[in-house]
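Each chain, written out:
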Amino acid sequence: MTIKKKKNVCSFRKMKQNGEKIVAVTAYDAPSARLADDAGVDFLLIGDSMAMTVLGYENTLPLTMDESLHHCKAARRGAPDAFIVGDMPFMSYQVSCSNALSNAARYIKEANCDAVKLEGGTYAVAVVERLVTAGIPVVGHIGLLPQQVLAAGGYKIAGKTPEGAEQLLADAKALEKAGAFCVVLEGIPAEVSRQITESISIPTIGIGAGVHCDGQIQVLNDILGLFSDFIPRHAKRYANIAQAVSDALRRYSKEIRNSEFPGKDHSF
Ligand code: KIV
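Residues numbered from 1 in each chain as written. Predicted model: local features only at pLDDT ≥ 70, side-chain atom pairs only at ≥ 80, totals over all residues. Heavy atoms only, no water.

So what's going on with the packing of helix 4 (residues 65–78) against helix 5 (residues 97–109)? Which residues, and what values?
Taken N-terminus to C-terminus, the directions of helix 4 and helix 5 make an angle of 20°; their axes are 10 Å apart at the nearest point. Comparing the axis directions of helix 4 and helix 5 gives the class roughly parallel. Crossing angle aside, the handedness with which helix 4 passes helix 5 is right-handed. Between helix 4, through Met-65, Asp-66, Ser-68, Leu-69 and Cys-72, and helix 5, the contact on the second element is made entirely by Asn-103, Arg-106 and Tyr-107. Each residue belonging to the contact of helix 4 with helix 5 can be placed in one class, and the counts come to 4 nonpolar, 2 polar and 2 charged. (Axes fitted to C-alpha atoms, helices over the stretch in contact; angles between N-to-C directions. Helix = DSSP H or I, 4+ residues; strand = E, 2+ residues; numbered from the N terminus. Parallel < 35°, antiparallel > 145°, perpendicular 65-115°, else oblique. Left-handed = near helix turned anticlockwise from the far one by under 90°. Contact = heavy atoms within 4.5 Å. Nonpolar A, V, L, I, M, F, W, Y, C, P; charged D, E, K, R; others polar.)

Can you break down the pattern of salt bridges residue by residue, with the values?
According to the stated counting rule, one finds 9 salt bridges in the structure shown. Here Arg-76 ties to Asp-114 by a salt bridge, and the two come within 2.8 Å at their closest N and O atoms. Within this pair, whereas Arg-76 is found in helix 4, its partner Asp-114 is found in the loop between helix 5 and strand 4 (115–117), the two being separated by 38 residues in sequence. As far as burial versus exposure is concerned, Arg-76 and Asp-114 are alike and both buried. Its salt-bridge partner being Asp-87, residue Lys-117 comes within 3.0 Å of it at the nearest N-O pair. (Salt bridge = Lys/Arg side-chain N within 4 Å of Asp/Glu carboxyl O. Buried < 20%, exposed > 50% of the residue type's maximum accessible area, 1.4 Å probe, protein only.)

With reference to specific residues and values, describe the packing of aromatic side chains.
By the definition in use, this model includes 6 aromatic pairs. An angle of 55° between the planes, with centres 6.2 Å apart, marks the rings of Tyr-252 and Phe-261 as tilted. Accessibility expressed as a relative area gives 34% for Phe-261, which makes it partly exposed. In this structure an aromatic cluster arises from ring pairing among Phe-12, Phe-43, Phe-83 and Phe-181. (Phe/Tyr/Trp six-rings, centres within 6.5 Å; stacked < 30°, edge-to-face > 60°.)

An account of the site of the ligand is requested, with residue identities and associated values reported.
Around the ligand, a shell composed of Thr-26, Leu-45, Gly-47, Asp-48, Ser-49, Asp-87, Lys-117, His-141, Val-184, Glu-186, Ile-207 and Val-219 is seen. Taking Lys-117, its side chain carries an N or O atom lying 3.1 Å from an oxygen atom of the ligand. In the complex, the protein chains occlude 96% of the 260 Å² of accessible area that the ligand would expose alone. Among the residues making up the shell around the ligand, the classes are represented as 4 nonpolar, 4 polar and 4 charged. (Near = heavy atom within 4 Å. Polar contact = N/O pair within 3.5 Å; in protein donor to acceptor, adjacent residues only side chain to side chain. Areas by Shrake-Rupley, 256 points an atom, 1.4 Å probe, with all protein chains shown as cover.)

Here it is in structure tokens:
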């Protein structure tokens, strides 16, 4: 029997040093966290993408701390030994460093998370330093920042110009210096991600950032095909769960209407 060792912040740096790819995925509740952990995923992000994927909001901006924590707690109950990262919602870390610290602490104390993630490069450095100094591990997030959708006028690939690429490199280095233990690179040209990955000692976790990152993260609903409309270019579908659910519910409805279900086997 192999005993699974719980990962910690040092595990990910070691994986980078050993050239071992880090596998991450979002999870939003107990069953998805359990399935991902049992499948051997290295870390679970209880992403603020839950606003769109499970709560039906148009973007991530309306998500509250309480909503986010509710899902983090569920994920932890489903996967007691997983490395779980809580994703700080819009305006939970921008108001002041002390407000950010109080909110980040809730992920650790109330939801038993292992770390928190927040969006932003150089402008987030003061907050990252404050959290790390207090003992809260932080995942940075640069490039396409979904919480900036209004300010940016949409979801835009970052780092396409030489100046943009320079800025991203500076952001990554600033986050490393501030004490972040890894950084998500979202929506960045593959070559720029390669340069960043080679320039910092902390792992880079890409989403729409090419193959050169130290690891990859995807939104669970995108890779499982849990909905049928839009597929982002960076996502690959490994299943078509929406179709399977729809087919199953149609068969279920039909069998009830035909009085086929419940049959003898499902009756007492
Ligand atoms: O909330 C989320 O799902 C994320 C990933 C896209 C990294 O932040």
